[in-house]
Amino acid sequence: MYKKILLPVDGSETSALAANAGITFARQVGAEIVAINITQPFSTLIGFDGMAASYAISDGDYEEAAQKEAQEYLKPVLERANAAGVKVTSVIASNYNVADGIVDAAKEHGCDLIYIATHGRSGLSRLLLGSVTTKVISLAPVSVLVYRMPATA
């Protein structure tokens with residue numbers, strides 16, 4: 001069925017739950033996982049809200065902090081996959097557009113499925129923040145499996 005699954009993580013609770021489900025799915029189908037976190041370049045922040053100027057952050061400081069944060073997001077995924085006996089590699093990539101970074105990584109690493117969470121935003125927050133998952137679905141050259149948070153009773 002699927003041989004290599006791209007599993008994007010962003011540090012959110014939804015992403016962590018999706019990672020757990022993705023690892024279980026990969027074990028069930030005998031696939032390996034490429035866990036990925038997409039960082040955005042420093043220049044994205046400068047153009048977006050002037051954060052760099054207001055906090056006096058250098059591009060080197062930002063890149064170092066982004067790498068460290070990405071490693072922290074990926075570490076539990078690697079641990080869970082290893083504990084489950086699922087072959088896993090991790091990737092930290094940088095792209096101005098997170099969805100493009102995910103799709104590019106799927107191509108680059110030969111993934112035949114993208115297993116991605118959705119935060120389920122709607123209304124104004126979806127309009128303002130957009131939906132990475134929706135963009136991935138529209139751009140991906142491979143199948144996309146969307147993980148949704150279980151409904152709480």
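- Under the annotation held in an unreviewed UniProt entry, the protein chain carries the name Universal stress protein and is attributed to Pelistega suis.
- Reading the Sequence similarities (unreviewed entry) entry of the UniProt record for the protein chain gives the comment "Belongs to the universal stress protein A family."

So, the overall build of the protein chain
Here is step 1 of the chain: Counting its secondary structure elements, the protein chain contains seven helices and five strands.
Here is step 2 of the chain: N-terminal to C-terminal, the α/β element order of the protein chain is β-α-β-α-α-α-β-α-β-α-α-β.
Here is step 3 of the chain: Split into buried and exposed, the 153 residues of the protein chain put 36% on the buried side.
Here is step 4 of the chain: Of the contacts formed within the protein chain by residues at least 6 apart in sequence, a portion of 76% connects residues at least 24 apart.
Here is step 5 of the chain: Summed over all atoms, the accessible surface of the protein chain reaches about 8600 Å², with 53% contributed by carbon and sulfur.

A word on the nonpolar core
Here is step 1 of the chain: Ile5, Leu7, Ile23, Ile33 and Val77 are the most contacted members of the largest nonpolar core, which totals 20 residues.
Here is step 2 of the chain: Top element by residues in this core is helix H1 (residues 13-29). It accounts for five residues.
Here is step 3 of the chain: If we ignore the near neighbours within four places in the chain, the residues touching isoleucine 23 are Leu7, Ile33, Val77, Arg80, Ala81, Ala84 and Val86.
Here is step 4 of the chain: By size, the runner-up hydrophobic cluster in this structure holds 15 residues, among which are Leu6, Val34, Ile102 and Ile114.

A closer look at the environment of isoleucine 92
Here is step 1 of the chain: Secondary-structure assignment places isoleucine 92 in strand S3 (residues 88-94).
Here is step 2 of the chain: Look at isoleucine 92 and you get partly exposed, because its relative accessible area is 28%.
Here is step 3 of the chain: Residues contacting isoleucine 92, with those up to four places away along its chain left out, are Asn37, Thr39, Gln67, Ala70, Gln71 and Leu74.

Some points on the sheet that holds strand S1 (residues 4-8)
Here is step 1 of the chain: If you walk across this open sheet you meet the five strands as S3-S2-S1-S4-S5, and the pairing is parallel. Two strands close off the open sheet at either side, each with one partner strand: S3 and strand S5 (143-147). On average, adjacent strands in this sheet sit at an angle of 25 degrees to one another, irrespective of strand direction.
Here is step 2 of the chain: Bridge analysis of strand S4 (residues 113-117) against S5 gives five bridges, and the strand direction is parallel. Among the inter-strand pairings, tyrosine 115 is bridged to a residue of S5, identified as leucine 145.
Here is step 3 of the chain: Running at roughly 145 degrees to S4, H1 makes contact with S1, strand S2 (32-39), S4 and S5 of the sheet.

Looking at the side chain of threonine 14
Here is step 1 of the chain: Among the structural elements, threonine 14 can be located in helix H1.
Here is step 2 of the chain: Taking relative accessible area as the criterion, threonine 14 reaches 10% and is therefore assigned buried.
Here is step 3 of the chain: With near-sequence residues (within four places) excluded, threonine 14 lies in contact with Ala117, Thr118, His119, Tyr147 and Met149.

The rules behind each value
Residues numbered from 1 in each chain as written. Predicted model: local features only at pLDDT ≥ 70, side-chain atom pairs only at ≥ 80, totals over all residues. Heavy atoms only, no water. UniProt positions renumbered as here; feature names shortened; annotations may be inferred. Helix = DSSP H or I, 4+ residues; strand = E, 2+ residues; numbered from the N terminus. Buried < 20%, exposed > 50% of the residue type's maximum accessible area, 1.4 Å probe, protein only. Contact = heavy atoms within 4.5 Å. Areas by Shrake-Rupley, 256 points an atom, 1.4 Å probe, with all protein chains shown as cover. Core = buried A, V, L, I, M, F, W, Y, C linked by side-chain atoms within 4.5 Å. Pairing = 2+ DSSP bridges. Axes fitted to C-alpha atoms, helices over the stretch in contact; angles between N-to-C directions.

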